[in-house]
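# Remarks on the overall topology
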Amino acid sequence: MVEIFEHQLSPSSWNRFEECPRKYWLSRQRLPRKASMPASLGNVIHNSMEEICNLDFEGREDSEVGWLSKLMKETIDKHWLMEKEIFLNTPRRPSWKPQSIGKAREGLVGALNLLFSKTKYTGKKFSEISIKDWKEIKSIVLSNEESLVSNDGRLIGRLDLLIDDLDEDGNSKGWIVADLKTGKPPNSTLNEKVTRQLLFYRDLLKETKPNHPHVSAEGWYSSNQKIYSTDGDFVLDDAILAWNEMKLTTKPPESTPSEDACGFCEFKAWCPDWWISRDQGKLSDKNTFRDEVVKIIKFDDFSGAARFERQSPVGSEGKLVSSEISFGALIKGRALIQLKDIISSDYDGPVFLGSVRSQGQIIHLGDWSEILPWSPLLKSIR
Ligand code: SF4
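Thresholds, definitions, all that
Residues numbered from 1 in each chain as written. Predicted model: local features only at pLDDT ≥ 70, side-chain atom pairs only at ≥ 80, totals over all residues. Helix = DSSP H or I, 4+ residues; strand = E, 2+ residues; numbered from the N terminus. Contact = placed C-beta atoms within 7 Å. Domains from an automatic or database assignment. Near = placed C-beta within 6 Å. Nonpolar A, V, L, I, M, F, W, Y, C, P; charged D, E, K, R; others polar.

### Thoughts on the overall build of the protein chain
Assigned secondary structure in the protein chain consists of 11 helices and 11 strands. Contacts in the protein chain between residues far apart in sequence, at least 24 positions, make up 68% of those at least 6 positions apart.

### Remarks on the domain arrangement of the protein chain
By the assigned domains, the protein chain splits into domain 1 (1–27 + 140–250), domain 2 (32–133) and domain 3 (259–373). Using only C-alpha atoms to locate each centre, domain 1 and domain 2 end up separated by 22 Å. Contributions of two or more residues to the side of domain 1 that touches domain 2 are made by β1 (141–149) and β2 (156–166). Tallying contributions element by element places β1 first for the side of domain 1 that touches domain 2, with 3 residues.

### Overview of the site of the ligand
Of all residues adjacent to the ligand, which total 14 residues, the nearest are Cys20, Ser255, Cys262, Cys265 and Cys271. Elements represented by at least two residues in the shell around the ligand include exactly α2 (21–27), α9 (259–263) and α10 (273–279). Per element, the largest residue contribution to the shell around the ligand is 3 residues, and it comes from α2. Each residue belonging to the shell around the ligand can be placed in one class, and the counts come to 9 nonpolar, 1 polar and 4 charged. Looking at which domains feed residues into the shell around the ligand, each of domain 1 (1–27 + 140–250) and domain 3 (259–373) gives three or more.

### Re the environment of Lys295
By secondary structure assignment, the location of Lys295 is in strand β6 (residues 289–300). Spatially, the C-alpha atom of Lys295 lies 9.8 Å from that of Trp374, the residues being 79 residues apart in sequence. Not counting residues within four places of it along the chain, the set of residues in contact with Lys295 comprises Phe308, Glu309, Gln311 and Pro350.

Okay, structure coming up:
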């Protein structure tokens, strides 16, 4: 019987841990979840692709055409509404962008074209795909959204697509582990995180299916409809080493602040280290969009105008002192609602301002920003 562990390593948790152990530790503290439009868009495309690949066409006329475009639209529309509800019910979120549904439709077109490119139907119009064609296309999908667990129960993954790799005569020459990517494609080669993830899926699949043929790993980028292959050494030994270090400790592990790791880190309000690094000049404060830790000096809830004073870090535990640097701010949209909520809760400590746009001496906060109480977390709350 497989042992049940208190934590399991997935490709995303492993990547988070490698980026910054503290980010991983914070991700396990059940802090309020944050939604984002790119993540929701990705879910809509993945869920639509999964549903279309799993539909049963038994009993339909083999010659029927014209059904796929209609099905794609209906499926995207359905998952768009489901995702919107989840997004709006997530405690930390920007505004929902209804206009992004066009990108979701394009993403599904891209994903299906990539699947077609592995068959003789490459480049064929969706409106001309018959039920018989689709059954043949679908026959190369050996599994779809399959959950994998290592023999010892420590490693897990959910594989987007396992594809039968056919040669020109239609004979199988192996399997392809394909991960569907809906974000920005790489300039030339896959980055370290995506490579690690793909090799992890490849090796976990091989472990769970010992009678496998040759297995290759590919990232399928829906936005430019390109496939990026990767290859490399066996990674599961490294994954187990990481798993050992990923046990939840009472005290937070050392952080590894960097532009890449901290850039989109959603735990900055709970982590003092990025702010210390900024103060020491190790992280840039020159970006148009930046984060701040401030005290509210003045706020006019009618106009949304405010004055903030930057707080400087002292020591390593998130303590702050006045920096005597102050700046004006114009606040609207969701950021304004958040600031009003904080003020009406009688909290009067420092606040974290996420993603402020600087323009001259003034900063702007809006639907794209976030305002949270400054809450350095120095002990596990689980
Ligand atoms: S803000 Fe930076 S240092 Fe802090 S947890 Fe996130 S990635 Fe790590």
